[in-house]
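Chains, contacts and geometry: an overview
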Amino acid sequence: MRFETLSVFPQVFAPYLDVSIMGRARERGILDFEAYDLRQWTHDRHNTVDDAPFGGGQGMLMKPGPLFEAVDDISSRGRSRPHVVFFSPCGVPYRQDIAERLSHRERVLLVCGRYEGMDERVFGLADETISLGDYVLTGGELAALVVIDSVVRLLPGALGDDMSARDESFSDGLLEYAQYTRPAQYRGMGVPDVLLSGDHAAVAAWRRKSAVERTALWRPDLLEGASLTEGERRFTQGLRDMGKGADDDG
């Protein structure tokens, strides 16, 4: 898979993508990456990519010219046009299912904004626009790294064990189950006996219950879209009722 980024700070990507899982994915040819500098598509001696907004207001906006020229030029390279992704608070909230979908793309171009934002006309270049959440970042580079990381770990061979990426939070609509490692006792806190039993069926059942319980307690909003049995739905309802009772007592 090939990821490309377009930004005014292309140098920020290498320190992260050259190490750990991302670095190994690049070494193995699983991930192909290139960062483009938007200033390459400017035509003045100052390489200007921003200007004041019409109508006044705070900050500077990224000009449409360099962005249009860059996306057109980059898209003309290679065997296929990239899937173009922009970042904006107006975008669709980024979720695991979007990462899954992007992992099947051959080529993705992530366009990173800066300053107060981008001229509205450039959003017509996007195949989709994504928001990481209800907060504001200084630039889109961090958002691009989040997307790259979350997608690459889904690619076959990236983690070494292809099941690892599928057995995580949000993979089935639930948070991941609680996990423990050695020592079995630490500062008076133990590990659930079932995890030490060697009974794989019992461990699987415990993990499923743990995932349902953690989701109900920490992210109940996810339950509506999760695939639960009738018994699991009664279990989560009981947890919610207990929580309401504790709130009433308080």
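For the structure, check the block above.
What comes next concerns the included structure. The structure displayed is predicted, hence computed values, not measured ones. (Residues numbered from 1 in each chain as written. Predicted model: local features only at pLDDT ≥ 70, side-chain atom pairs only at ≥ 80, totals over all residues. Heavy atoms only, no water.)

A look at the sheet that holds strand β5 (residues 83-93)
Worth spelling out the cut-off: Strands were regarded as paired on the criterion that DSSP finds at least two bridges between them. Secondary structure elements follow DSSP: runs of H or I of four or more residues count as helices, runs of E of two or more count as strands, with numbering from the N terminus. Working convention: axes come from line fits to C-alpha atoms, limited for helices to the stretch in contact. Angles between N-to-C directions cover 0 to 180 degrees. Any two residues whose heavy atoms approach within 4.5 Å at even a single point are treated as in contact.
The strand order across the open sheet formed by 5 strands is β2-β1-β6-β5-β8, and the pairing between neighbours is parallel. Strands at the two margins of the open sheet, each flanked by one partner only, are β2 (32-37) and β8 (128-131). Shown here is a sheet whose adjacent strand axes are inclined to one another by a mean of 30 degrees, direction ignored. Strand direction decides the pairing type here: strand β1 (residues 2-7) and β2, joined by 6 bridges, are parallel. Bridging from a neighbouring strand, R2 pairs with D32 of β2. Against the sheet, helix α3 (residues 64-76) makes contact with β1, β2, β5 and β6 (107-111), and its axis sits at roughly 165 degrees relative to β6, the strand it touches most.

With respect to the side chain of D50
Applied cut-off: Note on exposure labels: buried denotes an accessible area under 20% of the residue type's maximum, exposed denotes more than 50%, and partly exposed covers the range between, all computed with a 1.4 Å probe on protein chains only. Neither His nor the chain termini are counted; the positive set is Lys and Arg, and the negative set is Asp and Glu. Here, a salt bridge means any side-chain nitrogen of Lys or Arg that lies within 4 Å of a carboxyl oxygen of Asp or Glu.
The residue D50 is located in strand β3 (residues 50-51) in this model. Notably, D50 is buried but unbridged: the nearest opposite-charge side chain belongs to R39, and the N-O separation is 5.8 Å. Sequence-distant contacts of D50, that is, excluding residues within four places in its chain, are made with M60, L61, M62, K63 and Y115.

Overview of the packing of aromatic side chains
Keep this limit in mind: Each Phe, Tyr or Trp ring, with Trp reduced to its six-membered ring, pairs with another whose centre is within 6.5 Å; inter-plane angles below 30 degrees give stacked pairs, above 60 give edge-to-face pairs, and intermediate values give tilted ones.
Evaluation of the coordinates by the stated rule reveals 4 aromatic pairs. Seen from their ring centres, Y36 and W41 are 6.1 Å apart, and the 65 degrees between their planes marks the pair as edge-to-face. Assessed through its relative accessible area of 4%, Y36 is described here as buried. Assessed through its relative accessible area of 7%, W41 is described here as buried. For the ring pair Y180 and W206, a centre distance of 6.5 Å and an interplane angle of 50 degrees mean the geometry is tilted. Placement of the pair is Y180 in the loop between α5 (141-152) and β9 (185-186) and W206 in helix α6 (residues 200-218), with a sequence separation of 26 residues. Exposure remark for W206: the relative accessible area of 22% places this residue in the partly exposed category.

Looking at the state of the cysteines
For clarity, the cut-off: Only a pair of cysteine sulfur atoms within 2.5 Å counts as a disulfide in this structure description.
Evaluation of the coordinates by the stated rule reveals 0 disulfides. In this structure C90 is a free cysteine whose sulfur lies 17 Å from that of C112, the closest cysteine sulfur available.

Structural notes on the layout of surface pockets
Selection rule: Cavities and pockets were defined on a 1 Å grid built from protein atoms only: a cavity is a group of points that admits a 1.4 Å probe but offers it no way out, a pocket is an open group of points flanked by protein on both sides within 12 Å along at least five of seven lines, and a lining residue is one with an atom within 4 Å of any such point. Grid points are joined across faces, edges and corners, and a volume is the space filled by probe spheres set on the points. Side-chain classes are defined by residue name, with Ala, Val, Leu, Ile, Met, Phe, Trp, Tyr, Cys and Pro counting as nonpolar, Asp, Glu, Lys and Arg as charged, and the others, Gly among them, as polar.
Of the voids in this model, the largest pocket is the one considered here, and its volume is about 540 Å³. Taken together, 24 residues form the lining of the largest pocket, with F87, S88, P89, G117 and L137 sitting closest to its centre. Mapped by element, the contributors of at least two residues to the lining of the largest pocket are β5, β7 (117-118) and β8. Ranked by residue count, the leading element in the lining of the largest pocket is β5, at 4 residues. Here the residues of the lining of the largest pocket are counted per class, giving 12 nonpolar, 9 polar and 3 charged.

Details of the environment of V8
Along the chain, the position of V8 falls in the loop between β1 and α1 (14-17). The spatial distance from the C-alpha of V8 to the C-alpha of M22 is 22 Å, given a sequence separation of 14 residues. Non-local contacts of V8, meaning those with residues more than four positions away in its chain, are made with D37, L38, R39, V49, M62, R114, Y115 and E141.

So, the side chain of R107
Going by this rule: Residues adjacent in sequence count toward polar contacts only when both atoms are side-chain atoms; beyond that, a polar contact is any pair of N or O atoms within 3.5 Å, and within protein one must be able to donate a hydrogen and the other to accept it.
Structurally, R107 is set in strand β6. Among the polar contacts made by the side chain of R107, one reaches the side chain of E4 at a distance of 2.7 Å. At 2.6 Å, the side chain of R107 forms a polar contact with the backbone oxygen of I74. Residues within four places of R107 in sequence aside, it is in contact with R2, E4, I74, S75, R77, G78, S80, R81, P82 and H83.

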